[in-house]
Amino acid sequence: EPEVTQTPSHQVTQMGQEVILRCVPISNHLYFYWYRQILGQKVEFLVSFYNNEISEKSEIFDDQFSVERPDGSNFTLKIRSTKLEDSAMYFCASSTGFGANVLTFGAGSRLTVL
Amino acid sequence: AQKITQTQPGMFVQEKEAVTLDCTYDTSDPSYGLFWYKQPSSGEMIFLIYQGSYDQQNATEGRYSLNFQKARKSANLVISASQLGDSAMYFCAMSLQAAGNKLTFGGGTRVLVKP
């Protein structure tokens, strides 16, 4: 069964460092998303991406965040200068954008900022 | 704006019994979708079941069924014949066609199946 793959599974970084989280969405999917889940809290929408541009972003997705689809297969989330409160599980998801538009999630990347 | 509420933070259920997880939602948009995802301790989010706002019948997927009561704005998940592997966090989520189909999640319900 097709799946969304994310790397790394866990990253520890120092406050102020740049982090790039990588995702390979399902190949025939057209919409890509990043969500985050702070430990013990609900899953929050960060950004959606379609046709090589951001289609929607949340208040959380400030200037410290950026997304890119550099080569037609990878979808990356960059955090420019990490803060302690960026510690969370980051989920990548993709969907066809049609019908029920079920999002398929990756296994997540746990980011720990020290 | 849409809102999803799951009022049960945690539940115990005996193996082989059924369990109902509550979910209520709030939106004025007539076109929306309701989803349930399972998050086991390993952390991944697994899609379980979907109900569209215009669907006349309640959705079913194997042991999962969705009790959709549109007038009450509720979309409860029923898991029949619980198994030990059903122990996990369960999230209700909603998407609005008018809002780019992004998902808004509820706070989740943790289910622990007892042998």
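Everything in this summary refers to the structure shown in the same document. (Residues numbered from 1 in each chain as written. Chains lettered and ligands numbered in written order. Predicted model: local features only at pLDDT ≥ 70, side-chain atom pairs only at ≥ 80, totals over all residues. Heavy atoms only, no water.)

**Some thoughts on the state of the cysteines**
Residues and elements named next belong to chain B.
Right, so step 1: Taken as a whole and judged by the stated rule, the model has 2 disulfides over all chains.
Right, so step 2: Through a disulfide, Cys 23 is tied to Cys 92; the S-S separation comes to 2.0 Å. Handedness of the Cys 23-Cys 92 disulfide follows from its S-S torsion of about -65 degrees: it is left-handed. Pair noted here: Cys 23 is in the loop between strand E3 (19–21) and strand E4 (24–26) and Cys 92 is in strand E10 (residues 88–96), with a separation of 69 residues, a long-range link. (Disulfide = S-S within 2.5 Å. Helix = DSSP H or I, 4+ residues; strand = E, 2+ residues; numbered from the N terminus.)

**Section: the interface of chain B and chain A**
By convention, interface size is frequently given as the accessible area that disappears when the constituent parts associate.
Right, so step 1: Each side of the interface is counted separately: chain B has 18 residues, and chain A has 17 residues.
Right, so step 2: Carbon and sulfur atoms make up 61% of the surface buried where chain B meets chain A, a total of about 1,400 Å² over both sides.
Right, so step 3: The largest share of the area that chain B buries against chain A comes from B:Met45, B:Lys102 and B:Phe105, three residues that together contribute 34% of it.
Right, so step 4: With its nearest N and O atoms 2.8 Å apart, the salt bridge here joins A:Glu56 to B:Lys102.
Right, so step 5: In this assembly, chain B and chain A are joined by 4 residue pairs in polar contact (both at pLDDT 80 or more).
Right, so step 6: Contributions of two or more residues to the side of chain B that touches chain A are made by strand E5 (32–39), strand E6 (46–52) and strand E11 (103–105) of chain B.
Right, so step 7: Among the elements that take part in the side of chain B that touches chain A, E5(B) stands out by supplying 3 residues, more than any other.
Right, so step 8: Each residue belonging to the side of chain B that touches chain A can be placed in one class, and the counts come to 10 nonpolar, 6 polar and 2 charged. (Contact = heavy atoms within 4.5 Å. Buried area = accessible area lost by both parts, 1.4 Å probe. Salt bridge = Lys/Arg side-chain N within 4 Å of Asp/Glu carboxyl O. Polar contact = N/O pair within 3.5 Å; in protein donor to acceptor, adjacent residues only side chain to side chain. Nonpolar A, V, L, I, M, F, W, Y, C, P; charged D, E, K, R; others polar.)

**Thoughts on the environment of B:Gly107**
Right, so step 1: Within the secondary structure, B:Gly107 is located in the loop between E11 and strand E12 (109–114).
Right, so step 2: Separated by 17 residues in sequence, B:Gly107 and B:Tyr90 have C-alpha atoms that sit 8.9 Å apart.
Right, so step 3: Setting aside its immediate chain neighbours within four residues, B:Gly107 contacts A:Lys42, B:Gln6, B:Met89 and B:Phe91.

**Details of the packing of aromatic side chains**
Right, so step 1: One pass over the full model with this rule turns up 19 aromatic pairs over all chains.
Right, so step 2: Aromatic side chains A:Tyr35 and A:Phe45 sit 5.6 Å apart centroid to centroid with 70 degrees between the ring planes, which places their arrangement in the edge-to-face category. Of this pair, A:Tyr35 sits in strand E4 (residues 31–37) while A:Phe45 sits in strand E5 (residues 43–50), and the two are 10 residues apart along the sequence.
Right, so step 3: The exposure class assigned to A:Phe45 is buried, which follows from its relative accessible area of 7%.
Right, so step 4: Measuring from ring centre to ring centre gives 5.2 Å for A:Phe105 and B:Tyr37, while their planes differ by 85 degrees; the resulting arrangement is edge-to-face. With A:Phe105 in strand E10 (residues 104–105) and B:Tyr37 in strand E5, this residue pair bridges two chains. (Phe/Tyr/Trp six-rings, centres within 6.5 Å; stacked < 30°, edge-to-face > 60°. Buried < 20%, exposed > 50% of the residue type's maximum accessible area, 1.4 Å probe, protein only.)

**Quick word on a nonpolar patch on the surface**
Right, so step 1: On the surface, a cluster of nonpolar side chains totalling about 300 Å² of accessible area is made up of A:Leu30, A:Tyr50 and A:Phe98.
Right, so step 2: Judged by its relative accessible area of 58%, A:Phe98 falls in the exposed class. (Patch = residues over 30% accessible without salt bridge, like charges linked within 9 Å, V, L, I, M, F, W, Y side chains within 5 Å. Areas by Shrake-Rupley, 256 points an atom, 1.4 Å probe, with all protein chains shown as cover.)

**Notes on the pattern of salt bridges**
Right, so step 1: A complete count under the given rule lists 4 salt bridges over all chains for this structure.
Right, so step 2: With a shortest N-O distance of 3.2 Å, A:Glu44 and A:Arg36 are connected by a salt bridge.

**Quick word on the pairing of strand E8 (residues 64–69) of chain B**
All names here are of chain B.
Right, so step 1: Only one face of E8 is covered, namely the face carrying Tyr 64, Leu 66 and Phe 68; the face carrying Ser 65, Asn 67 and Gln 69 is uncovered.
Right, so step 2: Between strand E7 (residues 60–61) and E8, which pair antiparallel in sequence order, lie 2 residues; one of them, Gly 62, sits at a positive phi of approximately 60 degrees.
Right, so step 3: Pairing geometry for E8 and strand E9 (residues 74–79), over 6 bridges, is antiparallel. Residue pairing across strands places Asn 67 opposite Asn 76, the latter belonging to E9.
Right, so step 4: Between E8 and E9, which pair antiparallel in sequence order, lie 4 residues; one of them, Lys 73, sits at a positive phi of approximately 55 degrees. (Pairing = 2+ DSSP bridges.)

**Quick look at unusual backbone geometry**
Trans is the common state for peptide bonds, and a negative phi is the common state for residues other than glycine.
Right, so step 1: Of note, the amide linkage connecting A:Thr7 to A:Pro8 takes the cis form, showing an omega dihedral of -10 degrees.
Right, so step 2: In this fold, A:Pro8 is placed in the loop between strand E1 (5–7) and strand E2 (10–13).
Right, so step 3: The backbone of B:Lys73 sits at a positive phi, close to 55 degrees, despite the residue not being glycine.
Right, so step 4: Residue placement: B:Lys73 occurs in the loop between E8 and E9.

These results come straight from atomic positions and should not be treated as a statement about function.
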